[in-house]
Amino acid sequence: MARLGLALIGALLAPWALAQALPDAPALFRQHCASCHGDQRTGGMGPALLPDSLERLRPADAQRTIAQGRAATQMPAFGAQLTADEITALASWIYQPVLPAPRWTEVDIRASRVALDRADALPARPLWQADPMNLFVVVEGGDHHVSLVDGDRFEVIHRFASRYALHGGPKFTPDGRYVFFGSRDGWITKYDLWNLTVVAEVRAGLNMRNLAVSGDGRYVMAANYLPRTLALFDAQLNLVRSFEATTLDGQTASRVSAVYDAAPRRSFIVALKDLPELWEISYDPQAAPIYDGLVHDYKMGEAIARPGFLGVRRTPLDEPLDDFFFDQRYRHVLGATRPKTATGAATAQVVNLDIRRKVADLPLAGMPHLGSGITWAWKDTTVLASPNLKGSGVDVIDMATWKPVATIATPGPGFFMRSHESSRYAWTDSMMSPTARDTLTLIDKATLQPVATVREPGRTLAHIEFTRDGRYALASLWEMDGALIVYDAATLKEVKRLPMSKPVGKYNVWNKISRSEGTSH
Ligand code: DHE
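Thresholds, definitions, all that
Residues numbered from 1 in each chain as written. Predicted model: local features only at pLDDT ≥ 70, side-chain atom pairs only at ≥ 80, totals over all residues. Heavy atoms only, no water. Helix = DSSP H or I, 4+ residues; strand = E, 2+ residues; numbered from the N terminus. Rg over C-alpha atoms; globule rule 2.2 N^0.38 Å. Buried < 20%, exposed > 50% of the residue type's maximum accessible area, 1.4 Å probe, protein only. Contact = heavy atoms within 4.5 Å. Lys, Arg positive; Asp, Glu negative; His and termini not counted. Charge placed at Lys NZ, Arg CZ, Asp CG, Glu CD. Phe/Tyr/Trp six-rings, centres within 6.5 Å; stacked < 30°, edge-to-face > 60°. Pairing = 2+ DSSP bridges. Donors = N, O, S within 2.8 Å, 3.2 Å for Na, K, Ca; no water. Axes fitted to C-alpha atoms, helices over the stretch in contact; angles between N-to-C directions. Parallel < 35°, antiparallel > 145°, perpendicular 65-115°, else oblique. Nonpolar A, V, L, I, M, F, W, Y, C, P; charged D, E, K, R; others polar. Near = heavy atom within 4 Å. Polar contact = N/O pair within 3.5 Å; in protein donor to acceptor, adjacent residues only side chain to side chain. Left-handed = near helix turned anticlockwise from the far one by under 90°.

J.: How should I be thinking about the overall build of the protein chain in this particular structure?
T.: Along the protein chain, the regular secondary structure elements total seven helices and 35 strands. Its C-alpha atoms give the protein chain a radius of gyration of 25 Å, within 12% of the compact-globule value 24 Å for 521 residues. Referenced to the eigenvectors of the C-alpha coordinate spread, the extents of the protein chain come out at roughly 85 × 70 × 55 Å. Residue burial in the protein chain is summarised as follows: out of 521 residues, 54% are buried. Considering only residue pairs separated by 6 or more positions, the protein chain has 48% of its internal contacts joining residues 24 or more positions apart. Across the protein chain, 57 positive and 55 negative side-chain charges occur, with their mean positions spaced 1 Å apart.

Right, dumping it as structure tokens:
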């Protein structure tokens, strides 16, 4: 009887107690957050707050950001205005899906574009005194800025605010004058390096993976997770068209894992996260028609091929791809599927783009990060080496036979790998290791042995890029109070240190536009 009475009281109290316990997160969001993050949480001045965009932010960090704000950004601290319960409620609510799901159509893309008037009238020479081909573009993730560094004197020429959370390598036009940055929130920024100004911006999607610039500098292609599309722009960032990332019958849609330019083929190559297909989209006006998946013109009773130019040429695969890399002749794609569970094995494969099928399995262990793989000449062949996000070792594969030639031990799993044609070493980090994230390992490219290390004890050291001539290697001290550290690439002595805010990546104009074998493309 007593128990029944308590239950009854509990039931009667429940609505009141719940109202006390659960702050109204949507109302709090509308009041405090929507003006910057958008009514639909799709972003505005602040980043998008959608489950897809927040995959990499732990809820505890979201709570801390709401309470304390974000240094050197527009995000204020709400710790004095909101109770701890309100902050907890807000932080958990932003991980819930927005219903109905936010949309981002071609109309939205076009409406988002902003461009500088008369950008084409700006001088066609650098405003600054330094070798424009030996310039470094450094993305500082800590306070969302970009620094331009003179690669001869190692001095900052200019520093400017970027969009929130740039990701992936910025991409350059073939003359090295313009660079395109992509943000995880889907913004593409075109920047004139010679005149130090943003010339155009557009939002390609709500959650973007990366972008590619065509080898002729005429097109920019963006790969999106949300919506499930690719968006193609001209060099002024006007939308040319978008592509739904679906099966040929349009029934199943996929996130787009990544897009890269295959300049010698005059095409973009696209990997789909959820569909076992590899796409090739040619930007060659003379491209041959596409005969696969013939479209039937039922009125005429005829099968017609689709146009090759900007048409989707599909190669069926056994597994979808997350991440990939080309051989030097761009005949093969070397792709990896990341395991869905920590214990699962990655599968990696070689796909021939001409005969359009898988030709070999790639014997890579762990969780290869092929996008950061590099190649070099070894004995009478060429080898590929890929960092591994899970295992302590770099797998080296003979690109003639697709067989392993070595596994080089490193002190822990790493993200990036770099070298230069004129350097005998390949450098890799172990930034995913709690104990060895402070160590860069140098591998002798001839003996395939680890021969030296460079350390910043207790701090994260990662991501290398060489100067144009390969004499210096620039590494990131990947901390909020971090630095760009310049090493002599032969003696490994530190030459200079420039303070920077978590410099996540750095890109040398010449190495990028010449597609140096030691860097990412
Ligand atoms: Fe990246 C490049 C995918 C997490 C920093 N990363 C890339 C590219 C892909 C990719 C496909 C190549 C794009 C290009 O250059 O056009 N990254 C992924 C993931 O799938 C992963 C593991 C999970 C995710 O959250 O997307 C991932 N990446 C990270 C990070 O956590 C890093 C370390 C920090 C950050 O800023 O997000 C990170 N990724 C980078 C960097 C590059 C990159 C610095 C450019 C490398 C280069 O030198 O070209």
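J.: Whenever I open this one, the packing of aromatic side chains confuses me. Can you help?
T.: To describe a pair of aromatic rings, you give the distance between the ring centres and the angle between the ring planes. By the definition in use, this model includes 13 aromatic pairs. For the pair Phe160 and Tyr191, a centre-to-centre distance of 4.0 Å together with 5° between the ring planes defines the contact as stacked. Of the two residues, Phe160 sits in strand β4 (residues 155-161) while Tyr191 sits in strand β7 (residues 187-192), which places them 31 residues apart along the sequence. For the pair Phe160 and Tyr191, a shared accessibility class is recorded, and that class is buried.

J.: Explain the pairing of strand β23 (residues 374-378) here, please?
T.: Regular strands place their side chains on alternate faces of the sheet. The element β23 is extensively covered by neighbouring structure, given that four of its five residues are classed as buried. Bridging between β23 and strand β24 (residues 381-386) involves five bridges; their strand directions are antiparallel. Bridging across to β24, Ile374 finds its partner in Ala385. Where β23 folds back on β24, the antiparallel hairpin that results is connected by two residues, among which Lys379 adopts a positive phi of roughly 50°.

J.: Got a minute to help me understand the coordination of the iron atom of the ligand in this structure?
T.: Put simply, a metal with four donors set out as a tetrahedron has ideal angles of 109.5 degrees, and one with six donors set out as an octahedron has ideal angles of 90 or 180 degrees. From the protein, the iron atom of the ligand takes a single donor atom, His167 (NE2), 2.2 Å away. Looking at where His167 falls in the secondary structure, it is placed in the loop between β4 and β5 (171-172).

J.: Can you walk me through the packing of helix α2 (residues 25-32) against helix α5 (residues 84-93) in this structure?
T.: Think of two packed helices as two axes; the pair is described by the angle between the axes and how far apart they sit. Across the interface, α2 lies against α5 with an axial gap of 9 Å and an inter-helix angle of 90°. Classed by the angle they form, the pair α2 and α5 counts as roughly perpendicular. Within the contact between the two elements, α2 uses Ala25, Pro26, Leu28 and Phe29 and α5 uses Glu86, Ala89, Leu90 and Trp93. Tallied by class, the residues present in the contact of α2 with α5 amount to seven nonpolar, no polar and one charged.

J.: Hey, could you run me through the site of the ligand in this one?
T.: Near the ligand you find 19 residues, and of these Arg56, His167, Lys171, Arg418 and Ser520 are the closest. A distance of 3.0 Å separates a nitrogen atom of the ligand from a polar side-chain atom of His167. Between the ligand and the protein, one listed contact pairs an oxygen atom with a side-chain N or O atom of Arg184 at 2.9 Å. For the shell around the ligand, the secondary-structure elements that each account for two or more residues are β9 (207-213) and β35 (503-508). Here the shell around the ligand gets three residues from one element, more than from any other, and that element is β9. In terms of residue class, the shell around the ligand is built from seven nonpolar, six polar and six charged.

J.: What's the story with unusual backbone geometry in this structure? I'm lost.
T.: Working note: non-glycine residues mostly have negative phi, and peptide bonds are mostly trans. Cis geometry is adopted by the peptide bond preceding Pro100, which originates at Leu99 and carries an omega value of -10°. As for its placement among the helices and strands, Pro100 is situated in the loop between α5 and α6 (106-112). In the segment running from Leu226 into Pro227, the intervening peptide bond is cis, with an omega of -10°. Along the chain, Pro227 turns up in the loop between β10 (219-226) and β11 (229-234). One non-glycine residue with positive phi stands out, namely Ala165, at about 55°. Summarising the element assignment, Ala165 is placed in the loop between β4 and β5. One non-glycine residue, His463, adopts positive backbone phi at about 55°. Along the chain, His463 falls in strand β31 (residues 461-466). Looking at His463, the relative accessible area reads 3%, which means it is buried.

J.: Whenever I open this one, the packing of helix α4 (residues 59-68) against α5 confuses me. Can you help?
T.: Contact pair α4 / α5: the axes reach a minimum separation of 9 Å and the direction vectors enclose 125°. Overall, the two elements α4 and α5 adopt an arrangement that is oblique. At the point where α4 passes α5, the crossing takes the right-handed sense. Taking contact as the criterion, the partners of Pro59, Ala62, Gln63, Ile66 and Ala67 in α4 are, on α5, Ile87, Thr88, Leu90 and Ala91.

J.: Hey, could you run me through the sheet that holds β4 in this one?
T.: Two modes of strand pairing occur in sheets, parallel and antiparallel, and in both the strands are linked by backbone hydrogen bonds. With antiparallel pairing, the four strands of this open sheet are ordered in space as β4-β3-β2-β35. Edge positions in the sheet fall to β4 and β35, since each of these pairs with one other strand and no more. Within the sheet, the average angular offset between the axes of one strand and its neighbour, ignoring direction, is 20°. The sheet contact formed by strand β2 (residues 135-140) and β35 spans five bridges and is antiparallel. In the strand pairing of β35, Val137 is matched with Tyr507.

J.: Would you take a moment to explain the sheet that holds strand β33 (residues 482-488) for this structure?
T.: Spatially, four strands are ordered β31-β32-β33-β34 in an open sheet, and the strand pairing comes out antiparallel. Of all strands in the sheet, those with a lone pairing partner are β31 and β34 (494-500), marking the two edges. When the angles between neighbouring strand axes are averaged without regard to direction, this sheet yields 20°.

J.: When you look at the environment of Thr88 in this model, what are you seeing that I'm missing?
T.: Among the secondary structure elements, Thr88 is positioned in helix α5. For Thr88, a relative accessible area of 36% gives the class partly exposed. Thr88 sits 422 residues away from Trp510 along the chain, and the two C-alpha atoms are 48 Å apart.

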